[in-house]
Amino acid sequence: MKPSFWLQSWKEGGMKTSFHRQDVHPYVKFYAPDYFLRGQRVLVPLCGKDNALMWYKERAEHVIGVDLSMNAIEQFFQENNLNYSQTGHGRYEADGITLFNRNIFDLTSADLGRIDFVYDRAALVALPDELRQRYRKKIDDLMHPGSKCLLVTLEFQPYLGDTPPFSITPADVHRYYGDAYIVDHVKNVSLPNHRMVEKFNLDFLKEHGFILTKTAKKQLNELLYFWPLGALKSS
């Protein structure tokens, strides 16, 4: 997916940015509660102006967002009445939050610092298959053993073509992450009334939630205690 696609989407706004939620995704409130986020450094790739950034800002040690669109970053700061300053190349900061107007593939751990938790609602599903493996490797490089990711994907039929969002099944998630992560499939929700169903005449649409725990292979059975067991029940 070319950067120009996203830059033009944010420039046009309206239906072009209909992927932006007006609220905080309920999975965030359930799987990233106050007690879990204390002391955590959170990364939100392809963040846009996601309202979840404020949830993490108010509860975590620090939240870091990355997006190609300066329009989205400026809108986020303005809509949340945050005073911010530029502190480096494409780097903008307010109290408790750093937003990078950069390509996620160009950033390193030296830029971002320690990452304990990744929130991915609109990154993996926004990338065509050929970019997903590259993205997965980049995020993997930024995480450390024991760190976690809350991943939200959509699964639907029929195929919509070469523009996002892309359908990603649980089998796809296991294929991308199963070699080095504990993959907990915690949500599987049918959304027959989702706007995409009518707009694209879909046969079905499901939203999946996953908790991914990065670990060395030999530690796969040892790191489950990092996450509250009650939060892992599927529904």
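In what follows, the structure referred to is the one given above.
Just so you know, these numbers come straight off a predicted model, no measurement behind them.

### Quick word on the sheet that holds strand 8 (residues 181-190)
The strand order across the open sheet built from nine strands is 3-4-5-2-1-6-7-9-8, with neighbouring strands paired in mixed fashion. The sheet is open, and its two borders are formed by strand 3 (85-88) and strand 8, each paired with just one other strand. Going from strand to strand, the sheet's axes swing by 25° on average, the running direction of each strand aside. Where strand 4 (residues 91-94) lies against strand 5 (residues 97-100), four bridges are found, and the strand directions are antiparallel. Directly across from Tyr 92, in strand 5, lies its bridge partner Leu 99. Each of strand 4 and strand 5 touches helix 5 (residues 70-79); the most contacted strand, strand 5, lies at about 160° to it.

### Side note on helix 8 (residues 170-177)
Each α-helix winds once per 3.6 residues, and so residues spaced three or four apart point in a common direction. Those residues of helix 8 lying buried are Pro 170, Asp 172, Val 173, Tyr 176 and Tyr 177. One side of helix 8 carries all its buried residues, which in axial view fall inside an arc of 155°. Buried residues along helix 8 sit against helix 7 (129-142), strand 7 (148-157), strand 8 and strand 9 (204-214).

### Here we look at the environment of Pro 158
Within the fold, Pro 158 resides in the loop between strand 7 and helix 8. Under the relative-accessibility criterion, Pro 158 is labelled partly exposed at 34%. Linking Pro 158 and Asp 203, residues 45 residues apart in sequence, is a C-alpha distance of 6.7 Å. Residues in contact with Pro 158, not counting those within four places in the same chain, are Asn 201, Leu 202 and Asp 203.

### Focus: the packing of aromatic side chains
Within the structure shown, the criterion is met by eight aromatic pairs. Measuring from ring centre to ring centre gives 5.7 Å for Tyr 56 and Tyr 119, while their planes differ by 55°; the resulting arrangement is tilted. Remark: Tyr 119 occurs in strand 6 (residues 117-120) and Tyr 56 occurs in helix 4 (residues 52-59); sequence separation between them is 63 residues. Geometrically, the ring pair formed by Phe 77 and Tyr 84 is stacked, given 4.2 Å between the ring centres and 15° between the ring planes. Classification of Phe 77 by relative accessible area gives buried; the value is 1%.

### Regarding the pattern of salt bridges
Summed over the entire model, instances satisfying the criterion amount to 13 salt bridges. Put simply, Asp 141 and Lys 137 hold a salt bridge, and the shortest N to O gap is 3.2 Å. Of the two residues, Asp 141 and Lys 137 are both situated in helix 7; the distance of four residues between them amounts to about one turn of the helix. Exposure remark for Asp 141: the relative accessible area of 43% places this residue in the partly exposed category. The residue Asp 140 makes a salt bridge to Lys 214 at a minimum N-O spacing of 3.5 Å. Of this pair, Asp 140 sits in helix 7 while Lys 214 is found in strand 9, placing the two residues 74 residues apart along the sequence. You can call Asp 140 buried: its relative accessible area is 15%. In this structure Lys 214 comes out as buried when scored by relative accessible area, which is 13%.

### With respect to the packing of helix 7 against helix 8
Packing of helix 7 against helix 8 leaves a shortest axis separation of 10 Å and a crossing angle of 45°. With respect to their mutual orientation, helix 7 and helix 8 come out oblique. Judged by the twist between their axes, the crossing of helix 7 over helix 8 is right-handed. Here Asp 129, Arg 132, Gln 133, Tyr 135 and Arg 136 of helix 7 come into contact with helix 8, specifically with Arg 175, Tyr 176 and Tyr 177.

What counts and how
Residues numbered from 1 in each chain as written. Predicted model: local features only at pLDDT ≥ 70, side-chain atom pairs only at ≥ 80, totals over all residues. Heavy atoms only, no water. Pairing = 2+ DSSP bridges. Helix = DSSP H or I, 4+ residues; strand = E, 2+ residues; numbered from the N terminus. Axes fitted to C-alpha atoms, helices over the stretch in contact; angles between N-to-C directions. Contact = heavy atoms within 4.5 Å. Buried < 20%, exposed > 50% of the residue type's maximum accessible area, 1.4 Å probe, protein only. Arc of directions from axis to C-beta. Phe/Tyr/Trp six-rings, centres within 6.5 Å; stacked < 30°, edge-to-face > 60°. Salt bridge = Lys/Arg side-chain N within 4 Å of Asp/Glu carboxyl O. Parallel < 35°, antiparallel > 145°, perpendicular 65-115°, else oblique. Left-handed = near helix turned anticlockwise from the far one by under 90°.

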